[in-house]
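Below, each chain spelled out in residue letters.
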Amino acid sequence: MRFEEYARMSEPSLVARCEELKRARNAVILGHNYQVDPVQRVSDSVGDSLVLAQLGADSDAELIVLCGVLFMAESAKILNPAKKVILPSLSAGCPMADMITAEELRNFKAEHPGAPVVCYVNTSADVKAESDVCCTSSNAVRVVESLDADEILFVPDRNLAAYVASQTDKTIIPWDGYCYVHNMFVREDVIVATAAHPDSPIVVHPECPPDVIEMADFVASTEGMVRLAAEHDSLIVGTEIGLIDRLKRDHPGKRFYPLSAFAVCRNMKMIDLPRVVWALDNEEHEIVVPDDVRVRAQSALARMLEC
Ligand code: 13P
Ligand code: SF4
């Protein structure tokens, strides 16, 4: 069926068609915590970048529908070369991942000979292929600590790099990238949210600027925030607002407040339910990673998964 036909269908009909197609195609839907609520609800698993990479590595489905951004689909393909991996919208890129190219990384390495490279999973397959090891926001400190080196190049997120530097004695040499969603949080957001909800602790993502991080009670990846939500009656959540849908679904009786209602990743929202069902039906858009890049990128991802 064409996309226009799916766009006209009601949500219950789309959900029913989605289940039917999943069975017919032996497909699994993996959704990131920032996806819109209807997409999270049809996903077989919802999680952060680390969870999605691990699930991708373990899946026995023949078709993986990655509802997230391009680097997540590439990671799933790198870890599952024999499977078909599709991303429902090719407009779902991550602007931070695009802030460093493989050539720029090669030049950065040449300026710091001998220093190993830790690349955030929010990077292209080409950049992963030039890196020693990947990390996500939930294991970045552990990955850095695992390296037998005092000086480490960390790309592309300068805010995550600063957070890691605050947690280790190693010297972290950052790339100057950032996430346009998390970099937007400011100290005033924390002051206003704390005044409005004085009994709620604040958790922020390590992609936030250092002066915001230092005011928070907790720093966590999106899945770390899911775990914290289980331990608290309410939380002020300093990340993309899609996560709030997940938290409310998991804990209907609890209260979750966005640190800023403007924290929307437009790229993550390029995928909606009609697009997911259309993608499943047409097995579009297939993600391909050339073999020479895939093998080197796989080693950086595998090294992270062993950490
Ligand atoms: P998580 O791995 O914490 O879900 O973060 C992914 C991401 O893109 C954050 O902006
Ligand atoms: Fe990229 Fe930021 Fe969107 Fe995450 S929230 S996908 S880092 S732009």
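As a starting point, this report considers the structure included with it.

Conventions adopted
- Residues numbered from 1 in each chain as written.
- Chains lettered and ligands numbered in written order.
- Predicted model: local features only at pLDDT ≥ 70, side-chain atom pairs only at ≥ 80, totals over all residues.
- Heavy atoms only, no water.
- Pairing = 2+ DSSP bridges.
- Helix = DSSP H or I, 4+ residues; strand = E, 2+ residues; numbered from the N terminus.
- Contact = heavy atoms within 4.5 Å.
- Axes fitted to C-alpha atoms, helices over the stretch in contact; angles between N-to-C directions.
- Salt bridge = Lys/Arg side-chain N within 4 Å of Asp/Glu carboxyl O.
- Buried < 20%, exposed > 50% of the residue type's maximum accessible area, 1.4 Å probe, protein only.
- 1 Å grid on protein atoms, 1.4 Å probe; cavity = no way out; pocket = protein on both sides within 12 Å on 5 of 7 lines; lining within 4 Å.
- Points joined across faces, edges and corners; volume = space filled by probe spheres on them.
- Nonpolar A, V, L, I, M, F, W, Y, C, P; charged D, E, K, R; others polar.
- Near = heavy atom within 4 Å.
- Sits in = over half its atoms within 2 Å of the grid points.

Here's the deal with the sheet that holds strand 11 (residues 234-238)
In any sheet, the strands associate via hydrogen bonds between backbone groups, in a parallel or an antiparallel arrangement.
And step 1. The strand order 10-9-11-12 describes an open sheet built from four strands, whose pairing is parallel. In the strand order of this sheet, the two ends are held by strand 10 (218-219) and strand 12 (255-258), each with one partner.
And step 2. Judged from the two bridges that link them, strand 9 (residues 202-204) and strand 10 form a sheet pairing that is parallel. Each bridged residue has a counterpart across the sheet, and for Val204 the counterpart in strand 10 is Val219.
And step 3. In this fold helix 12 (residues 222-231) packs onto strand 9, strand 10, strand 11 and strand 12, with an angle of close to 165° to the strand it touches most, strand 11.

Topic: the pattern of salt bridges
And step 1. Per the stated rule, a full pass over the model turns up 22 salt bridges.
And step 2. Arg158 is the partner of Asp176 in a salt bridge, and the nearest nitrogen-oxygen pair spans 2.9 Å. On the criterion of sequence distance, the pair formed by Asp176 in the loop between strand 8 (171-174) and helix 10 (187-196) and Arg158 in helix 9 (residues 158-166) is long-range, its members being 18 residues apart.
And step 3. The exposure class of Arg158 is partly exposed, given its relative accessible area of 28%.

A word on the pairing of strand 5 (residues 117-120)
And step 1. Both faces of strand 5 are covered, namely the face carrying Val117 and Cys119 and the face carrying Val118 and Tyr120.
And step 2. Relative to strand 7 (residues 151-155), strand 5 runs parallel, the two being bridged by three bridges. If you follow Val118 over to strand 7, its bridge partner there is Phe154.
And step 3. Examined bridge by bridge, strand 5 and strand 6 (residues 133-135) share three bridges and lie parallel to one another. Among the inter-strand pairings, Tyr120 is bridged to a residue of strand 6, identified as Cys135.

Notes on empty space enclosed by the protein
Over the atoms, a rolled probe matching the size of one water molecule traces out where space is still vacant.
And step 1. The final tally for this structure, using the stated rule, is two cavities of 30 Å³ or more.
And step 2. In this structure, the largest cavity encloses a volume near 250 Å³.
And step 3. Along the wall of the largest cavity there are 25 residues; nearest its centre are Tyr34, Asn122, His182, Glu207 and Met268.
And step 4. Taken together, the residues of the lining of the largest cavity break down into 13 nonpolar, nine polar and three charged.
And step 5. Size it by volume and the second largest cavity reaches roughly 50 Å³.
And step 6. Lining the second largest cavity, in full, are Ser49, Leu52, Ala53, Phe71, Met72, Ser75 and Val121.
And step 7. At the level of secondary structure, the elements contributing two or more residues to the lining of the second largest cavity comprise helix 4 (49-58) and helix 5 (70-79).
And step 8. Its residues assigned to classes, the lining of the second largest cavity comprises five nonpolar, two polar and no charged.

Quick look at the site of ligand 2
And step 1. Near ligand 2, the surroundings consist of Tyr34, Val69, Cys94, Pro95, Met96, Asn122, Cys179, Tyr180, Val181, Glu207, Cys265 and Met268.
And step 2. Judged by the proximity of its atoms to the pocket grid, ligand 2 belongs to the largest cavity.
And step 3. Classifying every residue of the shell around ligand 2 gives 10 nonpolar, one polar and one charged.

Considerations on the sheet that holds strand 6
And step 1. Spatially, the four strands line up as an open sheet ordered 6-5-7-8, and their pairing is parallel. Because the sheet does not close on itself, it has two edges, and the strands there are strand 6 and strand 8. For this sheet, the mean angle separating the axes of adjacent strands, direction not counted, is 30°.
And step 2. Relative to the sheet, helix 9 contacts strand 5, strand 7 and strand 8, its axis offset from that of strand 8 by approximately 175°.

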